[in-house]
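Architecture and fold: a report
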Amino acid sequence: MEVIKSVRVMQERAEALRLKGYTVGFVPTMGFLHEGHLELMRVAKRHCDILVVSIFVNPTQFGPDEDFEKYPRDMEGDMEKAEGVGTDILFVPGADDMYPQGFQSSVKVSDLTRKLCGISRPVHFDGVTTVVTKLFNAVKPDMAVFGQKDFQQLTVISRMVKDLNMDIRIIGVPTVRESDGLAMSSRNKYLSREERESALSLNASLEMAEAMFKKGERSADKIREAVTSFIKGHPFTEIDYVSLCDPDTLEEMDLLGEKNLLALAVKVGVTRLIDNRVISGPA
Ligand code: AMP
């Protein structure tokens, strides 16, 4: 596995690969890799000749009171894991290279970023779309793989790629979970044993909601209320949102249709966790 630390070198390498006729697959991450990330890499590997993985903890997608400084980092472990799944190039740009002196440009997707996580994290998605564009410009991939765990992020990036005519295929991968159902996340490391126990209420509430839907419940309010009170019944939890929305537009719904996104953001102790499930069946 080759490690590249500069944007310029990455661009030259990407250009050379393209000239040789190789297809490039790309998995952007913030590191502290877990099975969820590795699954994205395995999927990417099946679709391309050369797999590029980036690790960059992007400061601009964290709000002022968020965990940028203490976001978990483990470069040595990450290198081993990325190499283990067949990563060809690990791209680890420095913050100075990504945001040079005088930086003042951004990429913005409007409506989709004002909903769900965008309400409590108003600068987050502008940071994401800007950094992903910059990473795309460095890696020049044919395809890029993202997790459905960050469903809104995947929706926003798919919209951006379409709107801006970026010639990149976006592939979404289902959420990878621990054996007890907790969605894997680098932030799970922050949870105490008791908090982790309460965090299981997120996935359990998604399952409960799906069971309600399967039994015929179609009122979005009834499902939101049931999910909210279920999660509130667990200690250390503080709900940011429980959304039942259209998976394409992220507009809140009154009545469930054939395809519905139930998305949650919940603080467990000081750790903000997200999870979601697409619930589908006859309207
Ligand atoms: P992050 O390092 O948190 O920025 O995540 C990098 C990529 O991994 C994003 O596309 C995430 O959606 C994806 N990802 C994170 N956790 C999971 C998971 N549990 N299952 C699948 N994909 C994930």
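Each remark here, short or long, concerns the structure printed above.
Presented here is an overview of the structure given in this document.

Criteria and cut-off values
- Residues numbered from 1 in each chain as written.
- Predicted model: local features only at pLDDT ≥ 70, side-chain atom pairs only at ≥ 80, totals over all residues.
- Heavy atoms only, no water.
- Pairing = 2+ DSSP bridges.
- Helix = DSSP H or I, 4+ residues; strand = E, 2+ residues; numbered from the N terminus.
- Axes fitted to C-alpha atoms, helices over the stretch in contact; angles between N-to-C directions.
- Patch = residues over 30% accessible without salt bridge, like charges linked within 9 Å, V, L, I, M, F, W, Y side chains within 5 Å.
- Areas by Shrake-Rupley, 256 points an atom, 1.4 Å probe, with all protein chains shown as cover.
- Salt bridge = Lys/Arg side-chain N within 4 Å of Asp/Glu carboxyl O.
- Buried < 20%, exposed > 50% of the residue type's maximum accessible area, 1.4 Å probe, protein only.
- 1 Å grid on protein atoms, 1.4 Å probe; cavity = no way out; pocket = protein on both sides within 12 Å on 5 of 7 lines; lining within 4 Å.
- Points joined across faces, edges and corners; volume = space filled by probe spheres on them.
- Nonpolar A, V, L, I, M, F, W, Y, C, P; charged D, E, K, R; others polar.
- Contact = heavy atoms within 4.5 Å.
- Phe/Tyr/Trp six-rings, centres within 6.5 Å; stacked < 30°, edge-to-face > 60°.
- Lys NZ or Arg CZ within 6 Å of the ring centre and 35° of its normal.
- Expected span 1.5 Å × (residues − 1).
- Bend = angle between axes of the 7 residues up to and from the residue.
- Core = buried A, V, L, I, M, F, W, Y, C linked by side-chain atoms within 4.5 Å.

1. Regarding the sheet that holds strand β4 (residues 89-91)
Here we have six strands laid out as an open sheet, ordered β1-β4-β3-β2-β5-β6, and parallel in their pairing. Because the sheet does not close on itself, it has two edges, and the strands there are β1 (2-4) and β6 (169-173). Pairwise comparison of adjacent strand axes, ignoring direction, gives a mean angle of 25 degrees for this sheet. Here three bridges tie strand β3 (residues 50-55) to β4, and the two strands are oriented parallel to one another. Residue pairing across strands places V53 opposite L90, the latter belonging to β4.

2. Overview of a nonpolar patch on the surface
On the surface, a cluster of nonpolar side chains totalling about 280 Å² of accessible area is made up of M1, V3, M75 and M79. If you trace the backbone, M75 turns up in helix α3 (residues 75-84). When its relative accessible area of 36% is taken as the criterion, M75 is described as partly exposed.

3. Focus on empty space enclosed by the protein
Taken as a whole and assessed by the stated rule, the structure comprises one cavity of 30 Å³ or more. Approximately 70 Å³ is the volume attributed to the largest cavity. Taken together, K149, G181, L182, A183, S185, N188, A199, L202, N203, L273, I274 and D275 make up the lining of the largest cavity. Sorting the residues of the lining of the largest cavity by element identifies α8 (193-214) and β9 (271-280) as the ones contributing at least two each. When grouped by side-chain class, the residues that make up the lining of the largest cavity number six nonpolar, four polar and two charged.

4. Some thoughts on the sheet that holds β9
What the three strands build is an open sheet, ordered β7-β8-β9; its pairing is antiparallel. Every other strand in the sheet has two partners, leaving β7 (237-245) and β9 as the edge strands with one partner each. For this sheet, the mean angle separating the axes of adjacent strands, direction not counted, is 15 degrees. The strands that helix α9 (residues 220-232) touches are β7 and β8 (259-268); relative to β7, the one it contacts most, it runs at about 160 degrees.

5. Quick word on the packing of aromatic side chains
Under the definition given, this model contains five aromatic pairs. A ring pair is formed by F56 and Y99, whose centres lie 6.3 Å apart and whose planes are at 35 degrees; its orientation type is tilted. Of this pair, F56 sits in the loop between β3 and α3 while Y99 sits in the loop between α4 (95-98) and α5 (117-120), and the two are 43 residues apart along the sequence. For F56, a relative accessible area of 7% corresponds to the buried category. With a relative accessible area of 15%, Y99 lands in the buried category. Between the aromatic rings of Y99 and F103, the centroid separation amounts to 4.9 Å while the plane-to-plane angle is 85 degrees, which identifies the pairing as edge-to-face. An aromatic cluster of three or more residues is present, and its members are F56, Y99 and F103. Sitting above the plane of the F213 ring, R218 keeps its charged end 3.8 Å from the centroid.

6. A closer look at α8
With 22 residues, α8 ought to run about 32 Å at 1.5 Å a step, and its terminal C-alpha atoms sit 33 Å apart, in line with that. Bending of α8 peaks at approximately 25 degrees at the position of N203. Listed in full, the buried residues belonging to α8 are E195, S198, A199, S201, L202, N203, S205, L206, A209, E210 and F213.

7. Focus: the nonpolar core
Counting residues in each nonpolar core, the largest one holds 44 residues, and the members touching the most others are M10, V52, F91, V132, F136, V139 and M160. No other element matches the eight residues that helix α6 (residues 124-139) contributes to this core. In this structure, I223, V227, V268 and I279 belong to the second largest nonpolar core, which totals 20 residues.

So far we have only geometry, and geometry alone does not tell us how the molecule works.
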